[in-house]
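Listed below, chain by chain, are the residues.
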Amino acid sequence: MTVRHDSLSIRWLGYATARVADGKTTVYTDPGRYGVLTGEWTAPDGLDTRHPTGPAYDARDGDLVLVTHNHHYDPDGIRRVAAPDATLVVYEGVDAERAGRPPSPEALAETEGYDLVRIGEREEIEAVGVSIRSVPAYNDPDGPHANTDGSVVHPEGFGVGYRFEVSDVPVFWPGDTDVLAHHAALDVSLLLANISGSVCMDRHEAADLAERLDPDLVCPIHYDTRAFLAADSRAFVADVASRGVPVVLDEGWA
(Lines give C-alpha, C1' and ligand atoms only; values in the text may rest on other atoms or scores of the structure.)
Protein backbone atom coordinates (compact mmCIF):
# COMPACT_ATOMS: atom_id res chain seq x y z
CA MET A 1 0.00 0.00 0.00
CA THR A 2 1.05 3.65 0.11
CA VAL A 3 1.57 5.43 3.42
CA ARG A 4 0.94 9.19 3.58
CA HIS A 5 2.94 11.41 5.88
CA ASP A 6 2.82 15.17 5.65
CA SER A 7 3.57 15.93 1.98
CA LEU A 8 5.18 12.52 1.40
CA SER A 9 4.06 9.17 0.08
CA ILE A 10 6.01 6.15 1.29
CA ARG A 11 6.08 2.58 -0.02
CA TRP A 12 8.04 -0.36 1.31
CA LEU A 13 8.87 -2.50 -1.71
CA GLY A 14 10.67 -5.25 0.21
CA TYR A 15 13.99 -5.83 1.98
CA ALA A 16 15.60 -2.37 2.42
CA THR A 17 13.88 -0.76 -0.55
CA ALA A 18 11.68 2.20 0.34
CA ARG A 19 10.24 4.77 -2.04
CA VAL A 20 9.76 8.26 -0.61
CA ALA A 21 8.20 10.92 -2.84
CA ASP A 22 6.53 14.31 -2.63
CA GLY A 23 5.12 14.55 -6.16
CA LYS A 24 8.20 16.35 -7.47
CA THR A 25 11.14 14.35 -6.16
CA THR A 26 11.35 10.60 -5.70
CA VAL A 27 13.96 8.95 -3.49
CA TYR A 28 14.74 5.23 -3.15
CA THR A 29 16.75 3.56 -0.42
CA ASP A 30 18.84 0.44 -1.12
CA PRO A 31 16.87 -0.97 -4.06
CA GLY A 32 16.74 -4.67 -4.85
CA ARG A 33 18.21 -8.03 -3.84
CA TYR A 34 16.55 -11.34 -3.03
CA GLY A 35 14.06 -10.95 -5.87
CA VAL A 36 12.05 -8.21 -4.17
CA LEU A 37 11.94 -6.10 -7.36
CA THR A 38 11.98 -8.90 -9.95
CA GLY A 39 8.77 -10.55 -8.76
CA GLU A 40 10.71 -13.63 -7.66
CA TRP A 41 10.71 -13.16 -3.87
CA THR A 42 8.94 -15.85 -1.87
CA ALA A 43 8.39 -16.01 1.88
CA PRO A 44 10.85 -18.13 3.87
CA ASP A 45 9.49 -21.54 4.82
CA GLY A 46 7.38 -21.49 7.95
CA LEU A 47 7.37 -17.71 8.31
CA ASP A 48 3.99 -16.01 8.68
CA THR A 49 4.64 -12.69 6.99
CA ARG A 50 3.00 -9.93 4.97
CA HIS A 51 6.29 -8.77 3.51
CA PRO A 52 5.62 -7.03 0.18
CA THR A 53 5.42 -9.37 -2.80
CA GLY A 54 4.23 -8.60 -6.26
CA PRO A 55 5.03 -8.48 -9.95
CA ALA A 56 8.33 -7.23 -11.30
CA TYR A 57 8.87 -3.58 -10.38
CA ASP A 58 10.44 -1.39 -13.06
CA ALA A 59 9.28 2.16 -12.39
CA ARG A 60 12.53 3.97 -13.30
CA ASP A 61 11.19 7.15 -11.71
CA GLY A 62 13.77 7.74 -8.99
CA ASP A 63 15.51 11.10 -8.99
CA LEU A 64 17.79 9.99 -6.15
CA VAL A 65 18.98 6.53 -5.13
CA LEU A 66 20.77 6.00 -1.80
CA VAL A 67 22.98 2.96 -1.17
CA THR A 68 24.25 2.28 2.34
CA HIS A 69 26.70 -0.65 2.08
CA ASN A 70 27.83 -3.74 0.16
CA HIS A 71 25.00 -5.99 1.32
CA HIS A 72 22.44 -3.60 -0.17
CA TYR A 73 24.22 -2.85 -3.45
CA ASP A 74 22.34 -4.31 -6.42
CA PRO A 75 22.94 -2.83 -9.90
CA ASP A 76 19.80 -4.47 -11.31
CA GLY A 77 17.74 -3.02 -8.48
CA ILE A 78 19.17 0.42 -9.17
CA ARG A 79 18.30 0.15 -12.87
CA ARG A 80 14.72 -0.77 -11.97
CA VAL A 81 14.13 2.34 -9.85
CA ALA A 82 16.45 5.05 -11.24
CA ALA A 83 15.25 7.58 -13.80
CA PRO A 84 17.57 8.10 -16.80
CA ASP A 85 18.97 11.27 -15.22
CA ALA A 86 19.05 9.97 -11.64
CA THR A 87 21.71 10.76 -9.08
CA LEU A 88 23.18 7.83 -7.19
CA VAL A 89 24.59 8.49 -3.74
CA VAL A 90 26.70 5.49 -2.80
CA TYR A 91 28.78 5.05 0.33
CA GLU A 92 32.48 5.23 -0.53
CA GLY A 93 33.07 1.79 1.01
CA VAL A 94 30.76 -0.01 -1.43
CA ASP A 95 32.87 -2.40 -3.51
CA ALA A 96 31.02 -4.29 -6.24
CA GLU A 97 33.74 -6.94 -6.55
CA ARG A 98 33.66 -7.65 -2.83
CA ALA A 99 29.85 -7.63 -2.88
CA GLY A 100 29.88 -10.05 -5.82
CA ARG A 101 27.48 -7.90 -7.83
CA PRO A 102 29.19 -6.10 -10.71
CA PRO A 103 29.40 -3.65 -12.32
CA SER A 104 30.88 -1.05 -10.01
CA PRO A 105 28.85 2.06 -9.23
CA GLU A 106 31.21 4.02 -11.50
CA ALA A 107 30.72 1.66 -14.44
CA LEU A 108 26.98 1.48 -13.85
CA ALA A 109 26.67 5.27 -13.79
CA GLU A 110 28.75 5.64 -16.95
CA THR A 111 26.74 3.01 -18.85
CA GLU A 112 23.31 4.22 -17.76
CA GLY A 113 24.02 7.96 -17.73
CA TYR A 114 23.46 8.48 -14.00
CA ASP A 115 25.27 11.06 -11.92
CA LEU A 116 27.27 9.38 -9.16
CA VAL A 117 28.27 10.81 -5.80
CA ARG A 118 30.46 8.76 -3.49
CA ILE A 119 29.79 9.82 0.09
CA GLY A 120 31.90 9.38 3.21
CA GLU A 121 30.90 8.18 6.64
CA ARG A 122 30.07 11.61 8.03
CA GLU A 123 29.19 14.01 5.21
CA GLU A 124 26.51 16.52 4.34
CA ILE A 125 25.70 17.10 0.68
CA GLU A 126 22.83 18.22 -1.52
CA ALA A 127 21.67 16.31 -4.58
CA VAL A 128 18.61 16.99 -6.78
CA GLY A 129 17.51 19.53 -4.18
CA VAL A 130 17.59 16.97 -1.36
CA SER A 131 19.73 17.61 1.71
CA ILE A 132 21.54 14.40 2.64
CA ARG A 133 23.58 13.54 5.71
CA SER A 134 25.44 10.26 6.11
CA VAL A 135 25.98 8.78 9.56
CA PRO A 136 28.05 5.73 10.58
CA ALA A 137 26.21 2.40 10.61
CA TYR A 138 27.84 -0.60 12.27
CA ASN A 139 27.65 -3.30 14.92
CA ASP A 140 29.42 -2.52 18.17
CA PRO A 141 31.95 -5.33 18.85
CA ASP A 142 30.91 -5.08 22.50
CA GLY A 143 27.23 -4.83 21.62
CA PRO A 144 24.27 -7.19 21.44
CA HIS A 145 24.87 -8.30 17.84
CA ALA A 146 28.53 -9.27 18.16
CA ASN A 147 29.87 -12.80 18.25
CA THR A 148 31.61 -14.10 21.36
CA ASP A 149 34.99 -13.22 19.83
CA GLY A 150 33.87 -9.64 19.14
CA SER A 151 33.52 -10.13 15.39
CA VAL A 152 30.50 -8.54 13.71
CA VAL A 153 28.73 -8.70 10.37
CA HIS A 154 28.88 -4.92 9.96
CA PRO A 155 32.18 -3.57 11.33
CA GLU A 156 32.74 0.14 11.78
CA GLY A 157 33.49 1.75 8.41
CA PHE A 158 31.47 -0.84 6.46
CA GLY A 159 28.36 1.26 5.90
CA VAL A 160 26.25 4.31 6.64
CA GLY A 161 22.72 5.42 7.31
CA TYR A 162 21.11 8.43 5.67
CA ARG A 163 19.11 11.36 7.00
CA PHE A 164 17.58 13.17 4.05
CA GLU A 165 14.95 15.87 3.58
CA VAL A 166 12.17 15.79 1.01
CA SER A 167 9.88 18.86 1.06
CA ASP A 168 11.59 19.86 4.31
CA VAL A 169 10.47 16.59 5.94
CA PRO A 170 13.49 14.88 7.54
CA VAL A 171 13.61 11.13 6.91
CA PHE A 172 16.03 8.71 8.55
CA TRP A 173 17.02 5.30 7.22
CA PRO A 174 19.60 3.93 9.69
CA GLY A 175 20.91 1.17 7.42
CA ASP A 176 22.23 -2.03 8.94
CA THR A 177 23.41 -0.96 12.36
CA ASP A 178 23.05 -1.19 16.10
CA VAL A 179 21.45 1.76 17.85
CA LEU A 180 24.39 4.13 18.27
CA ALA A 181 25.00 7.22 20.39
CA HIS A 182 25.05 9.63 17.44
CA HIS A 183 21.49 8.67 16.45
CA ALA A 184 20.11 10.60 19.43
CA ALA A 185 21.22 13.93 17.96
CA LEU A 186 19.20 13.57 14.77
CA ASP A 187 16.04 15.57 14.04
CA VAL A 188 13.70 13.07 12.40
CA SER A 189 10.09 13.32 11.25
CA LEU A 190 9.84 9.95 9.48
CA LEU A 191 11.82 7.00 10.83
CA LEU A 192 12.21 4.05 8.47
CA ALA A 193 13.01 1.67 11.29
CA ASN A 194 15.17 -1.40 10.74
CA ILE A 195 13.64 -4.05 13.02
CA SER A 196 15.10 -7.34 11.76
CA GLY A 197 17.55 -8.02 14.58
CA SER A 198 20.21 -10.71 14.15
CA VAL A 199 22.62 -8.56 12.13
CA CYS A 200 21.35 -5.16 13.30
CA MET A 201 18.96 -3.56 15.79
CA ASP A 202 15.99 -5.73 16.72
CA ARG A 203 12.42 -4.57 17.26
CA HIS A 204 12.99 -3.80 20.94
CA GLU A 205 16.08 -1.67 20.23
CA ALA A 206 14.33 0.02 17.30
CA ALA A 207 11.38 0.87 19.55
CA ASP A 208 13.79 2.40 22.08
CA LEU A 209 15.31 4.45 19.26
CA ALA A 210 11.86 5.58 18.10
CA GLU A 211 11.03 6.74 21.62
CA ARG A 212 14.32 8.62 21.84
CA LEU A 213 13.97 10.33 18.44
CA ASP A 214 10.23 11.02 18.92
CA PRO A 215 9.47 11.26 15.18
CA ASP A 216 6.08 12.17 13.76
CA LEU A 217 5.80 8.70 12.20
CA VAL A 218 7.62 5.37 12.30
CA CYS A 219 7.40 2.89 9.41
CA PRO A 220 9.44 -0.32 9.81
CA ILE A 221 11.23 -1.95 6.85
CA HIS A 222 13.99 -4.56 6.36
CA TYR A 223 12.38 -7.57 8.02
CA ASP A 224 11.05 -11.01 7.01
CA THR A 225 12.83 -10.98 3.65
CA ARG A 226 14.95 -13.94 4.77
CA ALA A 227 14.54 -16.28 7.71
CA PHE A 228 17.40 -14.65 9.64
CA LEU A 229 15.62 -11.28 9.32
CA ALA A 230 12.34 -12.47 10.86
CA ALA A 231 10.60 -9.99 13.16
CA ASP A 232 7.21 -9.59 14.82
CA SER A 233 6.08 -6.36 13.18
CA ARG A 234 2.78 -6.25 15.06
CA ALA A 235 4.54 -6.51 18.40
CA PHE A 236 6.82 -3.68 17.26
CA VAL A 237 3.82 -1.51 16.39
CA ALA A 238 2.19 -2.20 19.75
CA ASP A 239 5.42 -1.39 21.58
CA VAL A 240 6.02 1.89 19.73
CA ALA A 241 2.39 2.99 20.02
CA SER A 242 2.46 2.31 23.78
CA ARG A 243 5.27 4.87 24.00
CA GLY A 244 3.08 7.54 22.37
CA VAL A 245 4.86 7.51 19.00
CA PRO A 246 2.75 7.24 15.82
CA VAL A 247 3.56 4.09 13.85
CA VAL A 248 2.28 2.35 10.72
CA LEU A 249 2.92 -0.88 8.85
CA ASP A 250 3.28 -0.91 5.07
CA GLU A 251 2.86 -4.57 4.28
CA GLY A 252 1.47 -6.18 1.15
CA TRP A 253 1.56 -4.84 -2.39
CA ALA A 254 -0.61 -2.13 -3.90
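Cut-off values and rules
Chains are numbered independently. Their residues run from 1 in the order of the written sequence. Given that the model is predicted, a residue must reach a pLDDT of at least 70 before its local features are reported, and side-chain atom pairs must reach 80 or more before they are shown or counted; all residues, however, enter totals for whole chains, interfaces and linings. As a rule here, side-chain values cover all heavy atoms of the structure and leave hydrogens and water aside. Comment: elements are numbered from the N terminus, with helices defined as DSSP H or I runs of at least four residues and strands as E runs of at least two. Only protein chains enter the accessibility calculation, which uses a 1.4 Å probe; a residue is then buried when its area is under 20% of its type maximum, exposed when over 50%, and partly exposed in between. Here, two residues are considered to be in contact whenever any of their heavy atoms come within 4.5 Å of each other. By definition, two strands form a pair when at least two bridges between them are found by DSSP. Helix axes are fitted only over the stretch in contact, all axes being lines through C-alpha atoms; the angle between N-to-C directions runs from 0 to 180 degrees. Definition of a polar contact: a pair of N or O atoms within 3.5 Å, with one able to donate and the other able to accept a hydrogen when the atoms are protein atoms, and with sequence-neighbouring residues admitted only if both atoms are side-chain atoms.

(A) Focus on the side chain of Ser-9. Tracing the backbone shows Ser-9 in strand β2 (residues 8–14). Accessibility expressed as a relative area gives 10% for Ser-9, which makes it buried. Each residue touching Ser-9, except ones within four places of it in the same chain, is listed here: Thr-2, Val-3, Arg-4, Arg-19, Val-20 and Ala-21.

(B) Structural context of the pairing of β2. Counting buried positions over the 7 residues of β2 gives 7, a clear majority of the element. Both strand β1 (residues 3–5) and β2 contribute to a ladder of 3 bridges, which runs antiparallel. Across the sheet, His-5 pairs through a bridge with Leu-8, a residue of β2. Linking β1 back to β2 in an antiparallel pair, the connection comprises 2 residues, with Asp-6 at a positive phi of about 55 degrees.

(C) Summary view of the pairing of strand β9 (residues 130–137). Burial analysis of β9 places 6 of its 8 residues in the buried class, which makes it a mostly covered element. Taken together, the 4 bridges between strand β8 (residues 124–127) and β9 define a ladder with antiparallel strand orientation. From the neighbouring strand, Ile-125 faces β9, where its bridge partner is Ile-132. Hairpin geometry of β8 and β9 is characterised by an intervening segment of 2 residues between the two adjacent antiparallel strands and by a positive phi of about 45 degrees at Val-128. With 7 bridges joining them, β9 and strand β10 (residues 159–166) adopt antiparallel strand pairing. Across the sheet, Val-135 pairs through a bridge with Gly-161, a residue of β10.

(D) Layout of the sheet that holds strand β12 (residues 190–194). Pairing within the open sheet is mixed, and its 6 strands lie in the order β8-β9-β10-β11-β12-β13. Looking at the sheet topology across the chains shown, the edges are occupied by β8 and β13 (217–221). Averaged over all pairs of adjacent strands, the angle between strand axes in this sheet comes to 25 degrees, irrespective of strand direction. Strand contacts of helix α4 (residues 203–213): β11 (169–173), β12 and β13, with the helix running at about 165 degrees to β12, the strand carrying the most contacts.

(E) Main features of α4. Looking at α4, one finds that the buried residues are Glu-205, Ala-206, Ala-207, Leu-209, Ala-210 and Leu-213. Buried residues belonging to α4 abut β11, β12, β13 and α5 (233–242). Of the residues flanking the start of α4, the one acting as N-cap is Asp-202, its side-chain oxygen 3.1 Å from the backbone nitrogen of His-204.

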